[in-house]
Structures are given as structure tokens and as C-alpha cells.
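# A closer look at the structure
Here are the chains, one letter per residue:
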Amino acid sequence: MVSFLNEVRSTPGGEHILACIQCGTCTGSCPMAAFMEYPPRKIIAMIRAGMRDEVLSSNSMWFCLSCYTCTARCPKGVKPTDLAHALESLASRHGFTIGGTRTPSMYRSFVDSIRANGRVHELGMMTRYYLSLTPDLLAHPVATLKIALLALKLFTRKRLPMMSHRIKGRNDLSRIIQKFREARGTS
Amino acid sequence: MKYYSYFPGCSAESTGLGLGLSTKAIAKPLGFELVEIEDWNCCGSTPYGSLDEEEAIVVAARNLALAEKMGFDLVTPCSSCYVTLSRANGHLREHPRMLARVNEALAVAGLSYRGSLRVRLLVDVLVNDITPEVIAARLKKPLRGVRVAPYYGCQMVRPRYGLDDTEQPQTLDRLVASTGAEAVDFPLKARCCGGSLTLSEEDSVLHLMHKLLRSAAAGGAQCLVTPCPLCQTNLDAYQYRVNARFKTDFKIPVLFISQLIGMALDIDARSLGMFTNIVPPRELLDYVYRDYFTTNRVKT
Ligand code: SF4
Ligand code: SF4
């Protein structure tokens, strides 16, 4: 059984975590630190302490904006942004349920759209995403109307095409993905 | 004539339609040709990497392989595609084992990638290949007197692909100046707008946009320009939400840098996709196309 630390280190984006000197520059620069259960510096300490479940079920990485401020400022080249992506993909792959944020379902709708068409169909993706939130939306009719209004603004300016564009090579793309998963030993 | 393999990205054909249209419109007048990569797929963007970091690299690699065959640098106008494709490219170059595995997968579609491609952002091409001097020399309608806040956002400056300084970037400022417009002082020019979290966590990110708009307005900007379709959509489409939440009254149009350059080249507003803007850039259009409006008025 690989340790959690090594699991993170072998995921793209998690390679540099041992270089961290816990200076806190990342957390100090992070515009979302206040919304995260564990801001970047702390999450690194927790990974090194082997706190797998706490880390992978937290909301922290899902609140990362990928703004790269921490990455640009980190004196040791740790790349906390890429680390956040690595943690997100580990959490998704191992089926952790994350409470208190809608970001994972939004990302999932986005990726489903790519896997099906080869491109993102934004209207379809937004519809799927909001449908996945239906109970939530019904409970907040005013907020739901506001979303519809925003979509309408984009739609009337030709920014949300009705039809999805499916690439010719979408079967190629699925086969490439399939082959890669087989080689990696996941399905 | 310079040639590039063109990767528009999904946004440039939907929410960022103005970016796609204006990029194509300015290419010929500035002396370069964009040859679209045939049947490209989505780069994967942030979400794919967040669900499966490795698979995202494979998805991006199909594009890299298609572009490498063409023999030119890959150019995308979208900051997010630029980062995603650059990151996959860098990872494949540094990890030969991953490259081998990816090639095994690509082979089922008759593709392969050697790792020789250069991934570039349109802004990079405009600044370093075309150059602001040449743009300035080709202007038909210098935008003298227009005050512009150059908004870089995150993706084009920070992941350090060497394009610009991470704290005080200058490339967009230079492009704005090349159109004859004035780049106003804009201290928050490289701060985050909230990215894709506006869709899922609007309440937690709206304040970021508020600060940006306030900073741009304080500098006296008549409009913002950005290369990034996500930044543009956030600041344009959500501006009225910022106003509602923070009791402000911003009406600052948000243009793509390619639209601004296009206006200075006197390309018509329709070809530049100006109709896609939600906060109407009416004042700017009146200024730039005033002869056009006057002649129309005289005719009718
Ligand atoms: S800035 Fe870098 S070195 Fe400092 S705590 Fe963050 S990751 Fe560690
Ligand atoms: S990239 Fe993510 S973790 Fe780093 S500063 Fe930005 S929001 Fe915070």
C-alpha cells in the first residue's frame, strides 16, 4: 500500500510537495483562503502527515480558482495550483463525496460534454449542470430565474449556440481515452 | 506572410464568439495566416484536469499531435487553452514514460506526438512576431483619446510560460498603446476574476469582479480589454450582478484585445463581433465609427 504522500507525489501536479518549507506565502496570497477548510499551506502539511480522508473529502481544492498566484510566488517551486488539481483528480477518482460546494458537479457536466462531443457545448453543459442541482434550484426560485436571465442575455447575443458541435474524430477520441485507461489499469 | 496552426478553442465559437471573430478578422490585415487545425477537440480546460489529471493530458495531446503534423507553431487566442495545452506539452516533454503511454493511446487513431510543438498565445504572436510597431504602422483609425484598462487575468501571466512578468505584466499595455489608445493605470490588472467558479460559487467570487471593476473605473477607463473569454464573460455578463450586489452602477464594456486592434484597423464592427457584448460599447463605437454613422444618417 503506497503512502498517501507518495500517492500525491506520483500524480501529475503533486511532484514538488516535499520541497515545501511551510512559509505560508501561498496562503497569504490566496484570494479564496477564507472559503477553504484548509488553505494551501495547511493542506500540504496535512498531506505530509498522511491525513488522506480529511484532505480528499475537504472543500479546499474545489475552491481553488486556478489563479496561480501561489504558484508564481512560492519560493520553492511547489506549484500549489497544480497540487490542487492533483487532489481534485484523486478525490474524484476515489469517489470522495464533497459537501458544501457545487464545483465538482459543474466540472463533471463539463467533462461529460467533452467526452460525448469532443467539444464543450456550453448550453448543454449548463443545462446538465443545473439539472443536477434541481432540488436546490426549486428551493430557490428567484436565484433560478436570475440564472435563466443571464443565459438569455448570452443566448440573444449568439453566445450560447443551440446545436452542439460534434467533432468527426469523436470515436477516435473515445478510443484514445479507452486505450489510455486500459494501459493505466483503470476503466 | 507568417503561418500558424490555429486552435480557436470552444469558447471562441460560443460564449467568446467575439474573440473568435475578431481574431480571424485581424490576421490578414496584420500579415499572418491562421490555418485551423482540422477537427481539433476541446483542450480539456481546468475541469478535465481536475477530474482526471492524466486523462486530461491525453485529451490535450490529440490536438498537439494534429498540430505537430502541420509544422507551424500552434496559436490560440484563449488564455485558458494556452495554459492547458502548454501544461500538457510541458508534462509530456519532461516525462518520457508518460509520452510513451500517450503515444500508445494516440496510435489507435493513427496519431503520434514527438514533443516538438510550440504552443503560443495570440498576444505573444502579436507582441513578439508581428510587433506593436508594425501594428501601429498599419492603423487606419488610431484610437487617440480612448482610455483602456488592460486586464490580463491569471492564465496568460502566472503559470510562468515566460510570456510576461507575473506581477507587473506589460504585453497588453503595449498592444493597447499600439492602437493609439491610452493604457490607464490599473493596479489589479493581473488579479483573478473568479474563473469558472462564477458558475458554481457565484456568491464567493462576485467580490473579486467588484474590486476589478472599481479599480478600472478609478483609473478612468472607458473600457477593459482582455484576451481571455472566461474573464470577458465574467466581467461582461455578470457586471449587472455586481451592480445589484454592491449597489454600484458600472457600465464598463469589456472588449477582447483583438476587437480593440480590429477597431483601430477600421474593420467593421460586425466582423469583430461587437454585437456579442452585453454591456454595450456604444460610446466607443460612436467614436471609432462616427463617419460611418454620419454617412448613414445623411443617406437616410
Ligand atoms: S509558498 Fe511554497 S514553500 Fe511556502 S508554504 Fe506555500 S507551498 Fe510551501
Ligand atoms: S491558484 Fe488556487 S490555491 Fe493558489 S492562490 Fe489561486 S485560488 Fe489560491
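Residues numbered from 1 in each chain as written. Chains lettered and ligands numbered in written order. Predicted model: local features only at pLDDT ≥ 70, side-chain atom pairs only at ≥ 80, totals over all residues. Heavy atoms only, no water.

This brings us to the overall build of chain B. Counting secondary structure elements, chain B contains 15 helices and eight strands. Rg of the C-alpha trace for chain B: 20 Å, near the compact-globule value of 19 Å for 300 residues, within the 12% margin. Seen through its C-alpha atoms, chain B measures out along the principal axes to roughly 65 × 45 × 35 Å. Taken over 300 residues, chain B has a buried fraction of 66%. The contacts of chain B with a sequence gap of at least 6 include a subset with a gap of at least 24, amounting to 76%. Accessible surface computed for chain B: about 10900 Å², of which carbon and sulfur atoms make up 51%. Computing the positive centroid from 33 side-chain charges and the negative centroid from 32, chain B places the two 4 Å apart. (Helix = DSSP H or I, 4+ residues; strand = E, 2+ residues; numbered from the N terminus. Rg over C-alpha atoms; globule rule 2.2 N^0.38 Å. Buried < 20%, exposed > 50% of the residue type's maximum accessible area, 1.4 Å probe, protein only. Contact = heavy atoms within 4.5 Å. Areas by Shrake-Rupley, 256 points an atom, 1.4 Å probe, with all protein chains shown as cover. Lys, Arg positive; Asp, Glu negative; His and termini not counted. Charge placed at Lys NZ, Arg CZ, Asp CG, Glu CD.)

Residues that lie three or four places apart on an α-helix share one face, since the helix turns once every 3.6 residues. Here helix H5 (residues 96-107) of chain B spans 16 Å end to end across 12 residues, near enough to the 16 Å set by a 1.5 Å rise per residue. Residues of H5(B) that are buried sit in contact with helix H11 (170-184) of chain A together with helix H3 (53-70) and helix H4 (79-94) of chain B. (Expected span 1.5 Å × (residues − 1).)

Attention now moves to the site of ligand 2. Close to ligand 2 lie Cys30(A), Pro31(A), Pro40(A), Cys64(A), Leu65(A), Ser66(A), Cys67(A), Tyr68(A), Cys70(A) and Thr81(A), which account for all nearby residues. A per-class count over the shell around ligand 2 returns eight nonpolar, two polar and no charged. (Near = heavy atom within 4 Å. Nonpolar A, V, L, I, M, F, W, Y, C, P; charged D, E, K, R; others polar.)

Here we come to the packing of helix H3 (residues 40-48) of chain A against helix H6 (residues 80-93) of chain A. Helix-helix packing is described using two parameters, namely the angle between the two axes and the distance between the axes. Residue and element names in this part refer to chain A. For the pair H3 and H6, interaxial distance at closest approach is 11 Å and the crossing angle is 55 degrees. Regarding the angle of H3 to H6, the classification is oblique. Here H3 runs over H6; the crossing is left-handed. On H6, the residues that touch Pro40, Ile43, Ile44 and Ile47 of H3 are Pro80, Leu83 and Leu87. (Axes fitted to C-alpha atoms, helices over the stretch in contact; angles between N-to-C directions. Parallel < 35°, antiparallel > 145°, perpendicular 65-115°, else oblique. Left-handed = near helix turned anticlockwise from the far one by under 90°.)

Turning our eyes to something else, we now look at the sheet that holds strand E2 (residues 32-36) of chain B. Residues and elements named next belong to chain B. One open sheet holds the four strands; their spatial order is E2-E1-E3-E4, and the pairing between them is parallel. Whereas interior strands pair on both sides, the edge strands pair on one side only; in this sheet they are E2 and strand E4 (119-121). Direction aside, neighbouring strands of the sheet carry axes that sit 45 degrees apart on average. Strand direction decides the pairing type here: strand E3 (residues 74-76) and E4, joined by three bridges, are parallel. The partner of Leu74 across the bridge, within E4, is Val119. Contacting strand E1 (2-6) and E2, helix H1 (residues 17-27) crosses the sheet at an angle of about 135 degrees to E2. Sitting on the sheet, helix H6 (residues 122-130) touches E1, E2, E3 and E4, and the angle it makes with E4 is about 85 degrees. (Pairing = 2+ DSSP bridges.)

The next subject is the site of ligand 1. The environment of ligand 1 is made up of 14 residues, and the closest members are Cys20(A), Cys23(A), Gly24(A), Cys26(A) and Cys74(A). Listing elements by their share of the shell around ligand 1, those giving two or more residues are helix H2 (25-29) and H3 of chain A.

Before going further, it helps to spend a moment on the interface of chain A and chain B. On the chain B side, the residues contacting the 66 residues of chain A number 67 residues. Both faces combined, the contact of chain A with chain B buries some 6000 Å², and carbon together with sulfur accounts for 61% of it. For the pair chain A and chain B, the interface holds nine salt bridges. A salt bridge links Glu55(B) to Arg181(A); the shortest N-O distance between them is 2.8 Å. Linking chain A with chain B are 25 residue pairs in polar contact (both at pLDDT 80 or more), by the criterion used here. Sorting the residues of the side of chain A that touches chain B by element identifies helix H5 (69-73), H6, helix H7 (103-117), helix H8 (122-132), helix H10 (141-156) and H11 of chain A as the ones contributing at least two each. The element contributing the most residues to the side of chain A that touches chain B is H11(A), with 10 residues. For the side of chain A that touches chain B, the class distribution of residues is 34 nonpolar, 11 polar and 21 charged. (Buried area = accessible area lost by both parts, 1.4 Å probe. Salt bridge = Lys/Arg side-chain N within 4 Å of Asp/Glu carboxyl O. Polar contact = N/O pair within 3.5 Å; in protein donor to acceptor, adjacent residues only side chain to side chain.)

Below, the discussion takes up the domain arrangement of chain B. All names here are of chain B. Under the domain assignment used here, chain B contains domain 1 (2-122) and domain 2 (140-295). Placing a centre on the C-alpha atoms of domain 1 and another on those of domain 2 gives a separation of 25 Å. Listed as interface residues are 23 residues of domain 1 and, on the opposing side, 21 residues of domain 2. Where domain 1 meets domain 2, there are zero salt bridges. Across the contact surface, domain 1 and domain 2 share one residue pair in polar contact (both at pLDDT 80 or more). Of all the secondary-structure elements, those providing two or more residues to the side of domain 1 that touches domain 2 are H1 and H4. By residue number, the principal contributor to the side of domain 1 that touches domain 2 is H1, which donates eight residues. Class assignment of the residues belonging to the side of domain 1 that touches domain 2 gives a composition of 13 nonpolar, nine polar and one charged. (Domains from an automatic or database assignment.)

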